[in-house]
Amino acid sequence: MTQTTAPATSPSSPASPDATKDGRAAERSPLRRLLARPEIGALIAAIGVYVFFFAVAPSFREAGSLATVLYQASVMGIMALPVALLMIGGEFDLSAGVAVTTSALTASMLSFQLSLNVWTGVLVALAVSLAVGAFNGYLLIRTGLPSFLISLGTFLMLQGANLAITKIYTGNVATDSIRDMDGFDQAKSLFASEIGIGGVNVKITVFWWLAFAAAATWLLLRTRFGNWIFAVGGNKESARAVGVPVNLTKIALFMGVGAGAWFVGMHLLFSFNTVQSGEGVGNEFLYIIAAVIGGCLLTGGYGSAIGPVIGAFIFGMVSQGIVYANWNPDWFKFFLGVMLLLATLVNLWVRRQATRR
């Protein structure tokens, strides 16, 4: 069911007559208000997946296994958050996967080739990542082309540049190790360290992921910019008519994806010391899948920040649960597709139940 006007009303906006039709009016019962939340279908699916693997894979129940699941979910979820915000704003970014690799390659090669402190490479990589996001947003505004086509072009350019430039400067498809360079240990502690909790080492990305999720939730539900995101995703012309800076909002959302790509790229770099130039291809679809499982509509204007967190957690449970259950890992993509379809159907059913009179 495609909606164009209702999504422009964010969860923090006053209820309107149209809100009664899509199930978000203040007069609804608490249960219906709960069912109308975008992430509730994903939550139901996540509980089902957790119970399933808890039952069939004994090692899945261990604390160390949960830490591994959370780590897999966090790396996916940190990128799924800005991708979900962009989708709520009505756009897509197919360059998100390779942009992660571009960020890591920039920081690694700049630091190594010029013998600089790695923090210099980190900051330059941030600037490059933000510039890529701004480039996508600017082209979208100036040309009016679908973001699908623009970001697809950026995806191909980054993929080719990642491989070609890496070969030029290293003679290989991977960067040189920066493990012994100045600033590496400090950067690793920020982006790729571990924190011991109850005898279990938990990757710091898990805590960053939850912090980013809290910040994104606050942004969506408690700020004017959050209202702008819902408005431009619902109907950008109506939003522009009431004074919403549509162009600024969309460019900022693309730059948010760039910032997420930078952070995940730094994590990968300081976790493994080197970067493979061909990595990241296909991950953009996983980020979108996590957002869709979390309740974001492909048509824009509807979703939450909690939804992609749950979607990423489902990804982590499925990817690791198959291993713990000693199944053939070749089935992972099949199960991920099943989860996508089931979660989408559950989301549809939940919304229909919530909007029934």
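Within each chain, residue numbers correspond to sequence positions counted from 1 in written order. The predicted origin of the model limits local features to residues at a pLDDT of at least 70 and limits the giving and counting of side-chain atom pairs to 80 or more, whereas totals for whole chains, interfaces and linings rest on all residues. The side-chain numbers reported here are obtained from all heavy atoms of the structure, hydrogens and water having been left aside.

Draft legend 1. Examining the packing of helix α5 (residues 96-113) against helix α13 (residues 283-293) more closely. The interhelical angle for the contact between α5 and α13, taken along N-to-C directions, is 125 degrees, at an axis separation of 6 Å. On the basis of the axis angle, α5 is oblique to α13. Contact with α5, carried on its side by Ala96, Gly97, Val98 and Val100, involves Asn283, Glu284 and Tyr287 of α13 and no other residues of that element. Classifying every residue of the contact of α5 with α13 gives 4 nonpolar, 2 polar and 1 charged. Fitted lines through C-alpha atoms serve as axes, helices being fitted only where they are in contact, and the angles separating the N-to-C directions of these axes extend from 0 to 180 degrees. Going along the chain from the N terminus, every DSSP run of H or I of four or more residues is numbered as a helix, and every run of E of two or more is numbered as a strand. Throughout, the term roughly parallel applies to angles under 35 degrees, roughly antiparallel to angles over 145, roughly perpendicular to angles from 65 to 115, and oblique to all others. Contacts are assigned to residue pairs with any non-hydrogen atoms lying within 4.5 Å of each other. Only Asp, Glu, Lys and Arg are considered charged, only Ala, Val, Leu, Ile, Met, Phe, Trp, Tyr, Cys and Pro nonpolar, and every remaining residue, Gly among them, polar.

Draft legend 2. Just the confidence of the model for the chain, in detail. Every residue gets a pLDDT, meaning the predictor's confidence in that residue, from 0 to 100. Summing up the model confidence of the chain, the mean pLDDT is 87 and the portion of residues at 70 or higher is 88%. Below pLDDT 50 for its whole length, residues 1-26 participates in 43 contacts with residues either more than four positions away or in separate chains.

Draft legend 3. View of the side chain of Ser95. Relative to the helices and strands, Ser95 is located in the loop between α4 (63-88) and α5. The classification of residues rests on relative accessible area computed with a 1.4 Å probe and restricted to protein chains. Under 20% of the type maximum is buried, over 50% is exposed, and intermediate values are partly exposed. Judged by its relative accessible area of 1%, Ser95 is buried. At a separation of 2.5 Å, a polar atom in the side chain of Ser95 contacts the side chain of Asp93. For this analysis, a polar contact is any N or O atom pair within 3.5 Å, provided that within protein one partner can donate a hydrogen and the other can accept it, and provided that sequence-adjacent residues contribute only side-chain to side-chain pairs.

Draft legend 4. Up close: the packing of aromatic side chains. When two rings of Phe, Tyr or Trp (its six-membered ring) have centres within 6.5 Å they constitute a pair, described as stacked for plane angles under 30 degrees, edge-to-face for angles over 60, and tilted for the intermediate range. Counted by the stated rule, this structure contains 17 aromatic pairs. The structure contains a cluster of three or more aromatic residues connected by ring pairs, namely Trp119, Phe184, Phe191, Trp208, Phe212, Trp262, Phe263 and Phe270. Here, a charge over a ring means that NZ of Lys or CZ of Arg falls within 6 Å of the ring centre while also lying within 35 degrees of the ring normal. Residue placement shows Arg61 over the ring face of Phe54; its charged tip is 5.2 Å from the ring centre. Here the basic side chain of Lys203 rests over the ring of Tyr71, its NZ or CZ set 5.5 Å away from the ring centre.

Draft legend 5. View of unusual backbone geometry. Non-glycine residue Ser115 carries a positive phi angle of around 55 degrees. Position of Ser115 among the secondary structure elements: in the loop between α5 and α6 (118-143). For Ser115, a relative accessible area of 60% gives the class exposed. Its identity as a non-glycine residue notwithstanding, Asn273 has a phi of 75 degrees, on the positive side. Locating Asn273 in the fold gives a position in the loop between α12 (246-272) and α13.

Draft legend 6. Just helix α9 (residues 204-222), in detail. For α9, with 19 residues, the first-to-last C-alpha span of 27 Å sits near the 27 Å given by 1.5 Å per residue. The set of residues buried in α9 consists of Ile204, Thr205, Val206, Trp209, Ala213, Ala216, Thr217 and Leu220. Take the number of residues in a helix, subtract one, and multiply by 1.5 Å to get its expected span.

Draft legend 7. Quick peek at a nonpolar patch on the surface. A surface patch of nonpolar side chains, amounting to about 500 Å² of accessible area, comprises Leu43, Ile47, Tyr50, Val51, Phe54 and Leu66. The greatest single-element share of the nonpolar patch, amounting to 5 residues, is contributed by helix α3 (residues 40-56). Looking at where Val51 falls in the secondary structure, it is placed in helix α3. Each patch is built from salt-bridge-free residues with over 30% relative accessible area, joining like charges within 9 Å and nonpolar side chains (Val, Leu, Ile, Met, Phe, Trp, Tyr) within 5 Å. Accessibility throughout is a Shrake-Rupley quantity obtained with a 1.4 Å probe, and a residue counts as covered only by protein chains that appear here. Counted as salt bridges are all cases of a side-chain nitrogen of Lys or Arg within 4 Å of a carboxyl oxygen of Asp or Glu.

Draft legend 8. Examining the side chain of Thr101 more closely. The residue Thr101 is located in helix α5 in this model. Residue classification places Thr101 among the buried positions, given a relative accessible area of 4%. If sequence neighbours within four positions are ignored, Thr101 has contacts with Asn162, Val275, Gln276, Ser277, Glu279 and Gly280.

Draft legend 9. Representation of the nonpolar core within the structure. For this analysis, a nonpolar core means a set of buried residues of the types Ala, Val, Leu, Ile, Met, Phe, Trp, Tyr and Cys, connected via side-chain atoms within 4.5 Å. Residues Met79, Phe270 and Ile314 are the most contacted members of the largest nonpolar core, which totals 85 residues. When residues of this core are assigned to their parent elements, the largest contribution, 14 residues, is made by α4. Setting aside residues no more than four positions away along its own chain, Met79 makes contact with Ala96, Val100, Val257, Gly260, Ala261, Val264 and Tyr287. Residues Ala231, Val232, Ala239 and Val244 belong to the second largest nonpolar core, which totals 5 residues.

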